[in-house]
Amino acid sequence: MAVVGTPTSTTAKNMAVFIDADNLNDPTALDHVLLALRSMADRVIYRRAYGRPESLKSIHAVLWKHGVRPVANLIVDKTTTDSALVIDAVEAVCTNDIDIVAICSGDADFVPLAIWLREKGCKVLCYSLANKIFANPDSFYDDVVLLDVVEAPPLLEVQPEAKPAQDSVTLPDAPPVLRPAPEIKPPPVARKTQEPTQAKASATGAPSLKKILSILPELKTKEPVHLSLIAKKLRDAGLLTGTSKPVLLFRRHPAQFELMPKSQPNTVRYRG
């Protein structure tokens with residue numbers, strides 16, 4: 001679990017936490033968030049998670065561990081998760097003295113709620129997976145924390161040691177038998193047709209500016225775009241490998257692209 005950015009030091013009297021389980025449904029990430037929120041207020045009055053039954057089931061162990069109340073989505077044609085979360089958040093702030101509201105979701109549908117809460121004097125925090133956040137969340141939340149879920153490497157299979165035979169018979173020493181040395185064959189040469197696509201892409205060097213803009217036409221508007229929204233397109237086009245970051249690609253063209261913020265960039269803007 002890697003955290004991109006952390007909220008500023010905050011202590012308050014009362015806090016309310018509302019979780020969009022259809023958006024932030026990774027149990028490891030959610031457990032990390034709820035542990036971090038404990039020390040930010042004297043009391044966490046509201047702990048609620050909203051989502052479809054299957055989404056809540058995937059994180060039920062974390063909800064039970066932290067005492068979070070699950071609220072299942074009504075069975076209708078359109079999801080009612082967002083509406084239920086907004087209604088409860090408004091009611092909580094209107095009927096209690098709440099200083100901080102944490103919204104665990106990267107869904108842009110909660111932007112009007114975040115603006116209303118800030119107008120009421122609440123500090124509003126956003127916790128989201130890095131690949132599920134909308135563009136420019138810093139404009140609407142007081143603090144935004146993005147989480148990257150890193151999968152653990154597979155464990156190596158350990159072969160059991162060979163045990164000596166228990167009923168061994170001691171034989172008299174026999175003269176050594178000379179055997180010809182085994183023939184050493186050279187390793188097979190890989191054919192050109194079997195070279196991976198990624199290797200070909202890396203051998204050609206950095207992609208041109210025209211190539212990048214053809215894959216990402218949204219950059220031509222010269223408006224900031226969140227890196228998580230364009231990383232998949234770059235990987236599908238073969239410009240990024242599975243572990244490469246889009247930041248490295250845009251840093252090859254500093255005159256054409258501006259990365260923001262400079263310390264830990266998460267958005268990019270085409271300068272033109």
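Since we're looking at a predicted model, the values are computed, not measured.

Criteria and cut-off values
Residues numbered from 1 in each chain as written. Predicted model: local features only at pLDDT ≥ 70, side-chain atom pairs only at ≥ 80, totals over all residues. Heavy atoms only, no water. Buried < 20%, exposed > 50% of the residue type's maximum accessible area, 1.4 Å probe, protein only. Helix = DSSP H or I, 4+ residues; strand = E, 2+ residues; numbered from the N terminus. Polar contact = N/O pair within 3.5 Å; in protein donor to acceptor, adjacent residues only side chain to side chain. Core = buried A, V, L, I, M, F, W, Y, C linked by side-chain atoms within 4.5 Å. Contact = heavy atoms within 4.5 Å. Phe/Tyr/Trp six-rings, centres within 6.5 Å; stacked < 30°, edge-to-face > 60°. Salt bridge = Lys/Arg side-chain N within 4 Å of Asp/Glu carboxyl O. pLDDT = per-residue confidence, 0-100.

A. Region of the structure containing helix α1 (residues 27–37). All of the buried residues along α1 are A29, L30, D31, V33, L34 and L37. N-capping of α1 is provided by D26, with a side-chain oxygen placed 3.1 Å from the backbone N of T28.

B. Looking closely at the nonpolar core. One finds M15, V17, I19, L30, L37 and Y127 to be the most contacted residues of the largest nonpolar core, which totals 28 residues. Of all the secondary structure elements, the ones that give two or more residues to this core are β2 (12–20), α1, β3 (41–51), α3 (60–66), β5 (100–104), β6 (123–129) and β7 (143–148). Beyond its immediate chain neighbours, meaning those up to four positions away, L37 contacts M15, V17, A102, L125 and Y127. One finds L113, V124, Y141 and V144 within the second-largest nonpolar core, a separate group that totals 25 residues.

C. Seen up close, the packing of aromatic side chains. For the structure shown, the criterion picks out five aromatic pairs. Plain terms: the ring middles of F18 and Y46 are 6.1 Å apart, the flat faces sit at 35 degrees to each other, and that makes the pair tilted. Note that F18 is positioned in strand β2 and Y46 in strand β3, a separation of 28 residues in sequence. Judged by its relative accessible area of 15%, Y46 falls in the buried class. Measuring from centroid to centroid gives 5.0 Å for F250 and F257, while their planes differ by 65 degrees, and the two rings are edge-to-face. Since its relative accessible area comes to 1%, F250 is described here as buried. Taking relative accessible area as the criterion, F257 reaches 3% and is therefore assigned buried.

D. Looking closely at the pattern of salt bridges. Evaluated as defined, the whole model comprises eight salt bridges. Of the charged contacts in the structure, one is a salt bridge between D22 and R52, with a shortest N-O distance of 3.8 Å. Of the two residues, D22 sits in the loop between β2 and α1 while R52 sits in the loop between β3 and α2 (53–58), which places them 30 residues apart along the sequence. A salt bridge links R52 to E54, with the nearest nitrogen and oxygen atoms 3.2 Å apart. With a relative accessible area of 36%, R52 lands in the partly exposed category. Among the ionic contacts, a cluster of salt bridges with common partners joins D22, R52 and E54.

E. Local environment of the confidence of the model for the protein. With 73% of its residues at a pLDDT of 70 or more, the protein has an overall mean of 79. Between residues 1–6, whose pLDDT stays under 50, and residues either more than four places distant or in other chains, the model counts 22 contacts. A low-confidence stretch, residues 193–204 (pLDDT under 50), is modelled with five contacts involving residues beyond four sequence positions or located in other chains.

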